[in-house]
Amino acid sequence: MTAHQALQNLDATTVKAMIDDGETMLIDVREPGEHARERIAGARLVPLSILNPAKLELGDKRVVLHCASGNRSARAAQVLMAAGVRQVGHLKGGLPAWKHAGFKTVIDKRAPLPVQRQVQLIAGGPVALGVVLGASLDPAFYGVSGMVGAGMLLTG
């Protein structure tokens with residue numbers, strides 16, 4: 001496949017069959033924390049942030065990339081195609097598409113939550129508390145929710 005060819009958008013059933021035939025390398029381009037929390041068994045972790053086609057050592061294997069939604073894997077596929085990797089595609093829809101098709105993932109509940117989820121949990125507590133206290137005790141407590149919301153807005 002050359003950089004001028006179209007990206008292979010593959011559905012989960014096709015990817016599963018390709019993996020099962022032993023001629024395909026599945027590469028997870030998410031970050032290490034995401035991969036540690038949940039992954040497709042046998043997927044090799046190569047985060048998009050450090051993807052270097054020259055260091056992949058693919059041999060004659062086809063490459064299928066996946067991520068959380070399909071966005072990063074599509075970008076990674078473009079990088080590989082531009083570097084001359086001939087047989088590359090990506091899992092359209094990412095990990096959710098894999099699970100929706102009924103295929104299992106490896107889950108480690110001991111792995112840290114993604115940073116975005118941690119922020120949501122930490123910020124959600126004071127917002128909810130401010131609303132409850134504002135409604136039940138004193139409307140001034142709504143200010144707590146407002147301040148947290150303003151902080152989230154500014155950091156976003």
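See above for the structure.
Criteria and thresholds
Residues numbered from 1 in each chain as written. Predicted model: local features only at pLDDT ≥ 70, side-chain atom pairs only at ≥ 80, totals over all residues. Heavy atoms only, no water. Helix = DSSP H or I, 4+ residues; strand = E, 2+ residues; numbered from the N terminus. Rg over C-alpha atoms; globule rule 2.2 N^0.38 Å. Buried < 20%, exposed > 50% of the residue type's maximum accessible area, 1.4 Å probe, protein only. Contact = heavy atoms within 4.5 Å. Areas by Shrake-Rupley, 256 points an atom, 1.4 Å probe, with all protein chains shown as cover. Polar contact = N/O pair within 3.5 Å; in protein donor to acceptor, adjacent residues only side chain to side chain. Salt bridge = Lys/Arg side-chain N within 4 Å of Asp/Glu carboxyl O. 1 Å grid on protein atoms, 1.4 Å probe; cavity = no way out; pocket = protein on both sides within 12 Å on 5 of 7 lines; lining within 4 Å. Points joined across faces, edges and corners; volume = space filled by probe spheres on them. Nonpolar A, V, L, I, M, F, W, Y, C, P; charged D, E, K, R; others polar. Core = buried A, V, L, I, M, F, W, Y, C linked by side-chain atoms within 4.5 Å.

Student: Account for the overall build of the protein, with residues named and values stated.
Tutor: When helices and strands are counted, the protein shows 6 helices and 7 strands. The helix and strand sequence of the protein, counted from the amino end, reads β-α-β-α-β-β-β-α-β-α-β-α-α. For 156 residues, the compact-globule formula gives about 15 Å, and the C-alpha radius of gyration of the protein, at 21 Å, lies well above that figure. When its C-alpha atoms are laid out on the principal axes, the protein stretches across 70 × 30 × 25 Å. Counting over 156 residues, the protein shows a buried share of 31%. Long-range contacts, defined as pairs at least 24 residues apart, comprise 63% of the intrachain contacts of the protein with a sequence gap of at least 6. Working note: accessible area of the protein is about 9,300 Å², and carbon and sulfur atoms make up 60% of it.

Student: Would you mind going over the side chain of Thr24 in detail, with residue names and values included?
Tutor: Mapping Thr24 onto the fold places it in strand β2 (residues 24-28). The exposure class assigned to Thr24 is buried, which follows from its relative accessible area of 7%. For Thr24, the side chain forms a polar contact with the main-chain oxygen of Met18, separated by 3.1 Å. Within the structure, the side chain of Thr24 is placed 2.7 Å from the side chain of Arg62, a separation counted as a polar contact. Non-local contacts of Thr24, meaning those with residues more than four positions away in its chain, are made with Met18, Ile19, Lys61, Arg62 and Val64.

Student: Please give an account of the pattern of salt bridges that cites residues and values.
Tutor: It is possible for side chains of opposite charge to pair when their charged atoms get near one another. Counting across every chain of the model gives 6 salt bridges. For the salt bridge of Asp21 with Arg62, the shortest nitrogen-to-oxygen distance reads 2.3 Å. Of this pair, Asp21 sits in the loop between α1 (12-20) and β2 while Arg62 sits in strand β5 (residues 62-66), and the two are 41 residues apart along the sequence. The exposure class of Asp21 is partly exposed, given its relative accessible area of 38%. The partner of Arg30 in a salt bridge is Asp28, and the shortest N-O contact between them spans 2.7 Å. Its relative accessible area of 0% is what places Asp28 among the buried residues.

Student: Please set out the layout of surface pockets residue by residue, giving values where relevant.
Tutor: In this structure, the largest pocket spans a volume of roughly 260 Å³. Forming the boundary of the largest pocket are Arg30, Glu34, Arg37, Glu38, Ala68, Leu95, Pro96, Lys99, Ile107, Leu113, Pro114 and Arg117. No other element matches the 3 residues that helix α4 (residues 94-100) contributes to the lining of the largest pocket. The residue inventory of the lining of the largest pocket, partitioned by class, reads 6 nonpolar, no polar and 6 charged. Computed from the structure, the second largest pocket encloses a volume of approximately 230 Å³. When contributions to the lining of the second largest pocket are tallied by element, the ones reaching two or more residues are α2 (32-37) and α5 (115-136). Among the elements that make up the lining of the second largest pocket, the one with the highest residue count is α5 (5 residues). Of the residues that constitute the lining of the second largest pocket, the class distribution is 4 nonpolar, 4 polar and 3 charged.

Student: Let's hear about the nonpolar core: which residues, and what values?
Tutor: One finds Ile27, Val63, Leu65, Leu80 and Val88 to be the most contacted residues of the largest nonpolar core, which totals 19 residues. Elements with a contribution of two residues or more to this core: β2, β5 and α3 (71-82). Contacts of Ile27, omitting those with residues within four sequence positions, involve Arg44, Val46, Leu56, Leu58, Val63, Val64, Leu65 and His66. Within the second largest apolar cluster, 11 residues are counted, among which are Val15, Ile40, Ala43 and Val64.

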